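Understanding the architecture of this molecule
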Amino acid sequence: MSVTIALANQKGGVGKTTSTIEIASILTKLEKKVLAIDLDQQCNLTKNAEADKSLPTIYDLFSDDDPDINAAIQKVPAGYDLIAGSSSMSKADKEFEDIDDAYLLADLIDALSDDYDYILIDNAPARNRLLNMSYIAADYFIMCADSGEDSLDGIDAIVTDMMKYHKPGKRKLADSKIMGVIITRFRQTNIGNTVLDIINEKVENDIPDEIKTEKIPFVMSVRETAAVDEAKMMHQPVQTYKKSSTAAIDYRNIVDEIISRIEE
Ligand SMILES: Nc1ncnc2c1ncn2[C@@H]1O[C@H](COP(=O)(O)OP(=O)(O)OP(=O)(O)O)[C@@H](O)[C@H]1O
Ligand SMILES: [Mg+2]
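First, a word on scope: everything that follows refers to the structure included in this document.

The rules we used
- Residues numbered from 1 in each chain as written.
- Chains lettered and ligands numbered in written order.
- Predicted model: local features only at pLDDT ≥ 70, side-chain atom pairs only at ≥ 80, totals over all residues.
- Heavy atoms only, no water.
- Near = heavy atom within 4 Å.
- Polar contact = N/O pair within 3.5 Å; in protein donor to acceptor, adjacent residues only side chain to side chain.
- Areas by Shrake-Rupley, 256 points an atom, 1.4 Å probe, with all protein chains shown as cover.
- 1 Å grid on protein atoms, 1.4 Å probe; cavity = no way out; pocket = protein on both sides within 12 Å on 5 of 7 lines; lining within 4 Å.
- Sits in = over half its atoms within 2 Å of the grid points.
- Helix = DSSP H or I, 4+ residues; strand = E, 2+ residues; numbered from the N terminus.
- Nonpolar A, V, L, I, M, F, W, Y, C, P; charged D, E, K, R; others polar.
- Buried < 20%, exposed > 50% of the residue type's maximum accessible area, 1.4 Å probe, protein only.
- Arc of directions from axis to C-beta.
- Phe/Tyr/Trp six-rings, centres within 6.5 Å; stacked < 30°, edge-to-face > 60°.

**Points about the site of ligand 1**
Taken together, 19 residues lie near ligand 1, and Gly15, Lys16, Thr17, Thr18 and Asp229 sit nearest. Between an oxygen atom of ligand 1 and a side-chain N or O atom of Lys16, the distance comes to 2.8 Å. The side chain of Lys232 places a nitrogen or oxygen atom 3.1 Å from an oxygen atom of ligand 1. For ligand 1, the accessible surface in isolation is 630 Å², of which the surrounding protein chains cover 87%. At a threshold of 2 Å from the grid points, most atoms of ligand 1 map onto the largest pocket. Elements represented by at least two residues in the shell around ligand 1 include exactly helix H1 (16–29), strand S8 (218–223) and helix H10 (226–233). Within the shell around ligand 1, the residues separate by chemical class into four nonpolar, seven polar and eight charged.

**So, helix H6 (residues 104–112)**
Considered for burial, the residues of H6 that qualify are Leu105, Ala106, Leu108, Ile109 and Leu112. Down the axis of H6, the buried side of the element spans an arc of 160 degrees, and every buried residue falls inside it.

**Here's the deal with the packing of aromatic side chains**
By the definition in use, this model includes four aromatic pairs. Between Phe62 and Phe96, the ring centres sit 5.7 Å apart and the planes meet at 85 degrees, which makes this aromatic pair edge-to-face. Of the two residues, Phe62 is situated in helix H3 (residues 58–63) and Phe96 in the loop between helix H5 (92–95) and H6; the sequence distance between them amounts to 34 residues. Of the two residues, Phe62 and Phe96, neither departs from the other in class, the shared state being buried. Aromatic pair Tyr135 and Phe141: ring centres 5.0 Å apart, planes at 20 degrees, arrangement stacked. A single burial state applies to Tyr135 and to Phe141, both of which are buried. In textbook terms, an aromatic cluster arises when at least three aromatic residues are bridged by ring pairs, as seen for Tyr59, Phe62 and Phe96.

Pasting the structure below:
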């Protein structure tokens, strides 16, 4: 049985895709079987992982009544499997509006659950139907945040929406829990440390028990490192591009924490 982790924040540019790529590649290096799903219409994960864009996408799988899931799964150069995103996902709110459509992602993941150790979902910077699908499909959420106020609001929005989805649904209760917060592009400045304090306090006091793991969600930072953008230009995880960089080290610590919470 796989464990599904969604990376999310409605705020854009807070490191969701970077975190998905790094966590996926580190888990792969640790010989875990990993699938990443690009749910974002921007398709940054798909592009960065150098996926084949001619294969069926997540949009095709959601649109097809009898989808060939295996045809949409491809191994990317970093070694993990990926289901590509699609710009057509901009239509998702209109096209997947039936009550049952909320389970499209959960059903897809159920069908693949035996094939993977970890399934990672890279969400769009939006509070939309696709994010709602993630609440139902994921076991855990990891929220990404930078030092901006908007990304703190984004954490509150996830807490609010997750509670909404915890009410009994038509088919099953969404039981995803918040596992942690990654503060990305972290700088050891007054602002950086203040945000760290605010998020720690939020995590301890503002997340209802129903959507919290037994352990208090982790708050871990990834230092701002030029190598992250350089690696992006080379279409490589920073883990491969410069594994001694601070960001690469921080992501390895985060993956250790994730594994310890899931496998122990
Ligand atoms: N630790 C880091 N150090 C330096 N730059 C970083 C770091 N983490 C992320 N970045 C940069 O920040 C930018 C935004 O990151 P990313 O695309 O992962 O965010 P996102 O939340 O997925 O964005 P979107 O909401 O648009 O999907 C990218 O240019 C990325 O290279
Ligand atoms: Mg992204």
